[in-house]
Amino acid sequence: KQSTPEERLAWRWVLSNEHVCADRSNADRLFVVRYEDVCYAPSATTKKMFEFCGLVWHRSTESFISASTSTVRSDYYSVCKDSRASAERWRTELTPDVIRRIQAILSQSALRDLYDAGPGNMQPAQAMPRMRSRSN
């Protein structure tokens, strides 16, 4: 009850992602993708996802991804958005105090290692942090 809505959302994100990391019984079928990596390198990251799933990469796919992630449309629900701007929007929409509190929550989890490296530098899925259950 003492937490702010942002803090509660941050904890919910940490706990749900830690749960996924802790229960990786089918790790060979798991490919981890950060939203930020898709936003900063949409074609390269999507191509890796296609390869992991055994899908064929077509030039038309790359063309669509390039066009849809670099175009600015005013419609909120538009498929076409500047993906880098979307990934960075939190920096201007959240106050420095809210950012600090969210980062303090993330710093208590091994998931922080996925974000300390910065966009495009995420460790491979097999190097994701192992989590223990917080249910104790």
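Keep in mind that what you see is a predicted model, and the values were worked out from it rather than measured.

The next thing to look at is the packing of helix H3 (residues 42-53) against helix H4 (residues 59-68). Running from amino to carboxyl end, H3 crosses H4 at an angle of 140 degrees, the nearest separation of the two axes being 9 Å. Classified by the interaxial angle, the pair formed by H3 and H4 is oblique. Every pair of crossing elements has a handedness; the one defined by H3 and H4 is right-handed. Taken together, the residues of H4 that come into contact with H3 (itself represented by Pro42, Ser43, Thr46 and Phe50) are Thr61, Glu62, Ile65 and Ser66. In terms of residue class, the contact of H3 with H4 is made up of three nonpolar, four polar and one charged.

On to H4. Every buried residue belonging to H4 is among Thr61, Ile65 and Ser68, and all of these are buried. Projected down its long axis, H4 carries its buried residues within an arc of 80 degrees, all on one side. Exposed side of H4, more than 90 degrees from the buried face: Arg59 and Ser60 are the residues found there. The secondary structure elements touched by the buried residues of H4 are H3.

According to the stated counting rule, one finds two aromatic pairs in the structure shown. With 5.1 Å between their ring centres and 35 degrees between their planes, Phe31 and Phe52 make a pair best called tilted. Here Phe52 lies in helix H3 and Phe31 lies in the loop between helix H1 (5-22) and helix H2 (35-40), a separation of 21 residues in the sequence.

It helps to recall that an α-helix has 3.6 residues per turn; residues three or four apart then point in one direction. Among all positions in helix H7 (residues 96-106), only Val98, Ile99, Arg101, Ile105 and Leu106 are buried. Within H7, the buried residues cover an arc of 165 degrees as seen down the axis, which keeps them to one side.

Our next topic: the side chain of Thr46. Its place among the elements puts Thr46 in helix H3. For Thr46, a relative accessible area of 13% puts it in the buried group. A polar atom in the side chain of Thr46 sits 2.7 Å from the backbone oxygen of Pro42. If sequence neighbours within four positions are ignored, Thr46 has contacts with Trp57 and Ile65.

Conventions and cut-offs
- Residues numbered from 1 in each chain as written.
- Predicted model: local features only at pLDDT ≥ 70, side-chain atom pairs only at ≥ 80, totals over all residues.
- Heavy atoms only, no water.
- Axes fitted to C-alpha atoms, helices over the stretch in contact; angles between N-to-C directions.
- Helix = DSSP H or I, 4+ residues; strand = E, 2+ residues; numbered from the N terminus.
- Parallel < 35°, antiparallel > 145°, perpendicular 65-115°, else oblique.
- Left-handed = near helix turned anticlockwise from the far one by under 90°.
- Contact = heavy atoms within 4.5 Å.
- Nonpolar A, V, L, I, M, F, W, Y, C, P; charged D, E, K, R; others polar.
- Buried < 20%, exposed > 50% of the residue type's maximum accessible area, 1.4 Å probe, protein only.
- Arc of directions from axis to C-beta.
- Phe/Tyr/Trp six-rings, centres within 6.5 Å; stacked < 30°, edge-to-face > 60°.
- Polar contact = N/O pair within 3.5 Å; in protein donor to acceptor, adjacent residues only side chain to side chain.

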